[in-house]
Amino acid sequence: MKTIGLIGGMSFESSAVYYRQVNEAVRNRLGGLSSAEVLMHSVNFEEIVTLQKAGRWDLAAKRLGDVASGLEKAGAACVLICTNTMHMVADEVEARLNVPLINIIDETAHALKAGGAKRPLLLATRYTMEQPFYAERMKRHGLEIMVPDAEGRTATHNIIFDELCAGQVLDASRQRLVAIIEKAKAQGADSVILGCTEICLILDPAALPLTGYDSTTIHAEAAVSFALKASSDMRAA
């Protein structure tokens with residue numbers, strides 16, 4: 001089993017989900033009391049949020065690049081940035097590594113295509129919905145991203161930062177997000193991406209008006225597939 005490197009803390013609420021899902025996936029595949037070989041470096045999210053608000057993505061890239069490099073030196077065979085928004089600097093972080101960076105956007109795109117989706121609604125932070133990095137990378141996979149209107153984007157962003165990142169899961173906010181999905185469905189969306197790693201805390205992708213794709217689960221499963229590939233190849237041989 002290869003060691004998985006996780007850059008966490010953004011927020012720690014979703015990082016806890018990553019840790020649980022990675023270990024559950026290993027146990028499900030290997031049985032018994034099997035668990036994952038994991039290294040996690042959890043950063044102080046307040047520092048990252050300050051850089052986001054200031055538009056200092058260059059400093060954020062350096063910070064995460066340093067963390068990624070440290071995980072590789074500690075023995076990680078792959079690295080995951082456990083947040084969609086910070087994939088804005090994924091290329092810079094990847095450039096610091098000699099091991100694979102498993103990209104959450106690419107992995108989510110593969111899942112969407114496998115499910116036959118073509119025009120998904122993206123629910124995420126304002127940065128992810130409004131900056132071009134996410135939609136442009138999805139477009140490379142032949143997918144056309146929809147986002148909510150300005151009011152919907154503001155509501156989604158605030159639910160993520162003011163509530164979910166603070167450990168608050170409110171029924172009223174769940175209903176607001178479902179209403180946003182219903183509106184997108186009427187406008188032609190064929191699926192919905194839970195494109196912030198905290199959204200799985202409030203929405204069940206199997207219980208939505210559109211087929212849901214949880215980026216957190218998809219990302220964690222991709223890491224486990226990578227970590228166990230060598231052993232599965234050996235068993236097949």
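Our subject is the structure listed above.
From a predicted model like this one, the values you see are computed outputs, not experimental measurements. (Residues numbered from 1 in each chain as written. Predicted model: local features only at pLDDT ≥ 70, side-chain atom pairs only at ≥ 80, totals over all residues. Heavy atoms only, no water.)

A.B. asks: Mind showing me how you'd approach the overall build of the protein chain here?
C.D. replies: Broken down by element type, the protein chain carries 10 helices and 6 strands. For 237 residues, the compact-globule estimate of 2.2 N^0.38 gives 18 Å, and the C-alpha radius of gyration of the protein chain, at 17 Å, lies within 12% of that figure. When the backbone C-alpha atoms are referred to their principal axes, the protein chain occupies close to 50 × 40 × 35 Å. Classification of the 237 residues of the protein chain by burial places 52% in the buried group. (Helix = DSSP H or I, 4+ residues; strand = E, 2+ residues; numbered from the N terminus. Rg over C-alpha atoms; globule rule 2.2 N^0.38 Å. Buried < 20%, exposed > 50% of the residue type's maximum accessible area, 1.4 Å probe, protein only.)

A.B. asks: Explanation requested: the packing of aromatic side chains in the structure shown.
C.D. replies: Two descriptors summarise a pair of aromatic rings, namely the distance from one centre to the other and the angle between the planes of the rings. Applying the stated rule across the entire model yields 3 aromatic pairs. Taking the centre distance of 6.1 Å and the plane angle of 15° together, the rings of Phe 45 and Phe 161 count as stacked. Linking Phe 45 in helix α2 (residues 45–54) with Phe 161 in helix α8 (residues 150–163), this pair joins segments that are 116 residues apart in sequence. With centroids separated by 5.5 Å and ring planes inclined at 75°, the aromatic side chains of Trp 57 and Tyr 127 adopt a geometry described as edge-to-face. Of this pair, Trp 57 sits in helix α3 (residues 57–74) while Tyr 127 sits in helix α6 (residues 126–130), placing them 70 residues apart in sequence. Residue classification places Tyr 127 among the buried positions, given a relative accessible area of 16%. Just above the ring of Phe 226 sits the side chain of Lys 2; from NZ or CZ to the centre is 4.5 Å. (Phe/Tyr/Trp six-rings, centres within 6.5 Å; stacked < 30°, edge-to-face > 60°. Lys NZ or Arg CZ within 6 Å of the ring centre and 35° of its normal.)

A.B. asks: Help me out: how do you make sense of the pattern of salt bridges in this one?
C.D. replies: Side chains that carry opposite charge are capable of pairing whenever their charged atoms lie near each other. Under the defined criterion, the tally for this structure stands at 13 salt bridges. Where Glu 24 meets Arg 20, a salt bridge forms, and the shortest distance between an N and an O atom there is 3.5 Å. Here Glu 24 pairs with Arg 20, and both are found in helix α1 (residues 12–30), just 4 residues apart, close to one helical turn. Relative accessible area serves as the criterion here: at 41%, Arg 20 is assigned to the partly exposed category. Its salt-bridge partner being Glu 144, residue Arg 119 comes within 3.7 Å of it at the nearest N-O pair. (Salt bridge = Lys/Arg side-chain N within 4 Å of Asp/Glu carboxyl O.)

A.B. asks: What's the story with the packing of α2 against α3 in this structure? I'm lost.
C.D. replies: The relative placement of two packed helices is expressed as an angle between their axes plus a distance between the axes. The contact between α2 and α3 brings their axes to 8 Å, and the two run at 150°. When the interaxial angle is binned, α2 and α3 end up roughly antiparallel. From α2, Glu 47, Ile 48, Leu 51 and Gln 52 reach across to α3, where they touch Trp 57, Leu 59, Ala 60, Arg 63 and Leu 64. (Axes fitted to C-alpha atoms, helices over the stretch in contact; angles between N-to-C directions. Parallel < 35°, antiparallel > 145°, perpendicular 65-115°, else oblique. Contact = heavy atoms within 4.5 Å.)

A.B. asks: Explain the side chain of Thr 197 here, please?
C.D. replies: If you trace the backbone, Thr 197 turns up in the loop between β5 (191–194) and β6 (211–214). In this structure the side chain of Thr 197 is engaged in a polar contact, spanning 3.0 Å, whose partner is the side chain of Ser 14. (Polar contact = N/O pair within 3.5 Å; in protein donor to acceptor, adjacent residues only side chain to side chain.)

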